[in-house]
Amino acid sequence: MNKPEPNRSGPVDGWTAKYPELGTDPISIQANIDPNYFEQEREKIWKRSWLNVGREEDLPNPGDYVVRDVEILQTSVIIVRGEDDVIRAFHNVCQHRGNRVVIDRSGNAKGFKCGFHGWTYGLDGELGYVPDEDQFFNLDKCKSGLRPIATELWRGFIFINTNPKQNLKNYLGEIGEQLDPFQFEDYQWVVQFSVDVKCNWKIFVDAFQEAYHVCELHRGSAYEPFAGKDNPFAHATHMQLWELHRMLSVPGNPEFVPSPSCLKAIQYGGNAVYTPAEGGSDSAASPPGTNPGKHPNWSFDIDVIFPNLQLLFGAGWYLCYNYWPISVDRTRWTARYYVPPPRTVAERIMHENTEAQVRDVVREDLFTLENTQVILNSGAITHMPLSDQELLVRHQYHVVEKLVRGE
Amino acid sequence: MSELPQQFQDLERYIAAGWAKPTKMERWHKRLSCEMPEIQEFYDTMLERLDDVVGHVNQHPLDAVPDNEQPLLNLALSFMDIAPAVEIFGAPDVTGCSYDHRRMTVVENGVDELVW
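As the structure is a computational prediction, the values presented were derived from the model and not from experiment.

With that settled, consider the overall build of chain A. Within chain A, the regular secondary structure consists of six helices and 19 strands. Compactness check: chain A gives a C-alpha radius of gyration of 23 Å against a globular reference of 22 Å for 407 residues, within 12% of the reference. When the backbone C-alpha atoms are referred to their principal axes, chain A occupies close to 90 × 55 × 35 Å. Residues classed as buried in chain A amount to 57% of the 407 residues present. A sequence separation of at least 24 residues applies to 66% of the contacts in chain A between residues at least 6 apart. When the 39 basic and 54 acidic side-chain charges of chain A are each reduced to a single mean position, those positions are 3 Å apart.

Encoded structure:
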């Protein structure tokens, strides 16, 4: 019998063999259900990592601010653009008696006044005015500003860190260098999907860092754009792991025939999310910073910047996912779809085609999460066997475990 | 009656039926509230007429679509929103297993209040 050779886009021995320190054993699911482990993650990962809280264009003008309740940091955070155009973050806590200073979710302000006794802070966090100040004893206003949180930018992404051990550039390392050429400034978000799901944050990330599930979960909705005769299981065309971060490239099916609405979208504006891969054209469709494997049948990249930022890059679009753990079995997630700002009404209509497809397909992904968490909590399985195509899933548990152990 | 240009009077009935909602969330929920025959009929007509509709509204700058033609643009946007129902699922909503749509919030940049 001549069994056709499966198309392996990657190394002959598979991707996992390139990273022998990860092993090939099944992975314990304990990290997804143990509340004590979650507390360790809070202290050793989330309170020491650079966390993405938005992009600089979210705060276009001096005085623009947003307030984020960040449960995993056990605080509320003000992120504000100062009069000097510098973006800063502060704990949203009055240095007088601990009241929450800013109640609004977002806005534009000259400063922040606590609604309890009227202590007033500048956009730079400095304490400017204390009503009836003479009644205090040795109050040093210079030392009583809003408590800052380290804030740095990379390619327009705002990151905060409550206890940084290294600067953001070093933290990102090679994945930052690899993505640096991508023209983020040419894109703007058009739609955001947000959900609050009863599952562990790692299960959530896992759902979006392998393409193995495409052939089953998305069989009816999003299989043919990625998997075809030459690559029926949508094997990744590239994978890379770093100390903390990771990425893979999802293949495109050169024989995919877009639907009538998708063809209209392409006619009106060029690239839609399921535009067929440009087979054999030397990856002409992949933007700078993407498709590092230079595979001709490239569809999109998945880059995971540990622990809370995931970026998906296609030709003419990118998606930004943010993960915010609330408890061991609850996570808030936002997904923003970014495109070059439409220049015409026709391009606006084109984007609507992709947005609807992304929204529908993502709901298939989301469906697995809570069911998985419930079953894991039951103890009915203790370990999960992972394939070579799920290397990024394996890597995440490896990284988390190392950090929790303090290595 | 809305005030669609003369050549699009045949599409008035879709506006009356609620297919020209102004926001993404409303267009999505309209799709979810309908039965397949109605969606299919809207799809078939719009696929036929889409090049005319887009060609017409595309004469205007993106930020200057006249008020009386906004419903026409919204019909085209609704077509894109319902397309997966016809082309993929054969049902108004995602078939089989999918996350409860009532638990997903859709925010349109510059239109809706941002949620965290």
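What follows picks up the thread again.
Once that is clear, we can look at the overall build of chain B. For chain B, the helix and strand inventory stands at four helices and one strand. Each helix and strand of chain B, placed in order from N terminus to C terminus, yields the pattern α-α-α-α-β. Taken along its principal axes, the extent of the C-alpha atoms in chain B is 45 × 35 × 25 Å. Across the 116 residues in chain B, those meeting the buried criterion constitute 53%. Look at the contacts in chain B between residues 6 or more apart in sequence, and 70% of them connect residues 24 or more apart.

Residue and element names in this part refer to chain A. Among the five residues of strand S11 (residues 157–161), five are classified as buried, and the element is accordingly described as predominantly covered. Every second residue of S11 is oriented toward a common face, with Phe 157, Phe 159 and Asn 161 on one face and Ile 158 and Ile 160 on the other, all of them buried. Sheet analysis places strand S2 (residues 51–55) next to S11, joined by four bridges and oriented antiparallel. By the bridge assignment for S11, Arg 55 is matched with Phe 157. Inspection of the sheet shows strand S10 (residues 148–154) paired to S11 by five bridges, in the antiparallel sense. Bridging across to S11, Ala 150 finds its partner in Asn 161. If you look at the hairpin formed by S10 and S11, you'll find two residues sitting between the two strands, and Arg 155 has a positive phi there, around 50°.

Turning our attention to the side chain of Arg332(A). Residues and elements named next belong to chain A. Within the secondary structure layout, Arg 332 lies in strand S18 (residues 330–339). Using a relative accessible area of 11% as the deciding quantity, one classes Arg 332 as buried. Looking at Arg 332, its side chain comes within polar contact range of the side chain of Glu 71, at 2.9 Å.

This part is about the packing of helix H5 (residues 345–378) of chain A against helix H2 (residues 24–33) of chain B. Their axes nearest at 12 Å, the elements H5(A) and H2(B) cross at an angle of 60°. Between H5(A) and H2(B), the angle falls in the class oblique. Here H5(A) runs over H2(B); the crossing is right-handed. The residues of H2(B) that touch H5(A), namely those facing Arg348(A), Glu352(A), Glu355(A), Arg359(A), Asp360(A) and Arg363(A), are Lys24(B), Arg27(B), Trp28(B) and Arg31(B). Looking at the contact of H5(A) with H2(B) residue by residue, the class counts come to one nonpolar, no polar and nine charged.

This part takes up the sheet that holds strand S12 (residues 188–197) of chain A. Read from one edge to the other, the open sheet built from eight strands follows the order S13(A)-S14(A)-S15(A)-S16(A)-S17(A)-S18(A)-S12(A)-S1(B), with strand pairing classed as antiparallel. Edge positions in the open sheet fall to strand S13 (238–241) of chain A together with strand S1 (105–108) of chain B, since each of these has one partner strand only. Along the sheet, successive strands turn relative to each other by an average axial angle of 15°, direction set aside. Here strand S15 (residues 298–305) of chain A runs beside strand S16 (residues 309–314) of chain A; their pairing, made up of five bridges, is antiparallel. If you follow Ile302(A) over to S16(A), its bridge partner there is Leu312(A).

It is worth spelling out helix H4 (residues 70–89) of chain B at this point. Residues and elements named next belong to chain B. The terminal C-alpha atoms of H4 lie 29 Å apart, and with 20 residues this matches the ideal 28 Å at 1.5 Å per residue to within 8%. Within H4, the axis deviates most sharply at Ile 82, by approximately 40°, and proline Pro 84 lies no more than four positions further along. Among the 20 residues of H4, 17 are classified as buried, and the element is accordingly described as predominantly covered.

Looking now at the packing of helix H4 (residues 260–269) of chain A against H5(A). Residues and elements named next belong to chain A. Contact geometry for H4 and H5: axes closest at 8 Å, N-to-C directions at 145°. As H4 runs across H5, the sense of the crossing is left-handed. Counting all contacts with H4, which are made through Ser 261, Cys 262, Ala 265, Tyr 268 and Gly 269, the residues of H5 involved are Ala 346, Glu 347, Ile 349, Met 350, Asn 353 and Gln 357. Here the contact of H4 with H5 is built from residues that sort into six nonpolar, four polar and one charged.

Here is what the cut-offs are and how they apply
Residues numbered from 1 in each chain as written. Chains lettered and ligands numbered in written order. Predicted model: local features only at pLDDT ≥ 70, side-chain atom pairs only at ≥ 80, totals over all residues. Heavy atoms only, no water. Helix = DSSP H or I, 4+ residues; strand = E, 2+ residues; numbered from the N terminus. Rg over C-alpha atoms; globule rule 2.2 N^0.38 Å. Buried < 20%, exposed > 50% of the residue type's maximum accessible area, 1.4 Å probe, protein only. Contact = heavy atoms within 4.5 Å. Lys, Arg positive; Asp, Glu negative; His and termini not counted. Charge placed at Lys NZ, Arg CZ, Asp CG, Glu CD. Pairing = 2+ DSSP bridges. Polar contact = N/O pair within 3.5 Å; in protein donor to acceptor, adjacent residues only side chain to side chain. Axes fitted to C-alpha atoms, helices over the stretch in contact; angles between N-to-C directions. Parallel < 35°, antiparallel > 145°, perpendicular 65-115°, else oblique. Left-handed = near helix turned anticlockwise from the far one by under 90°. Nonpolar A, V, L, I, M, F, W, Y, C, P; charged D, E, K, R; others polar. Expected span 1.5 Å × (residues − 1). Bend = angle between axes of the 7 residues up to and from the residue.

So far we have only geometry, and geometry alone does not tell us how the molecule works.
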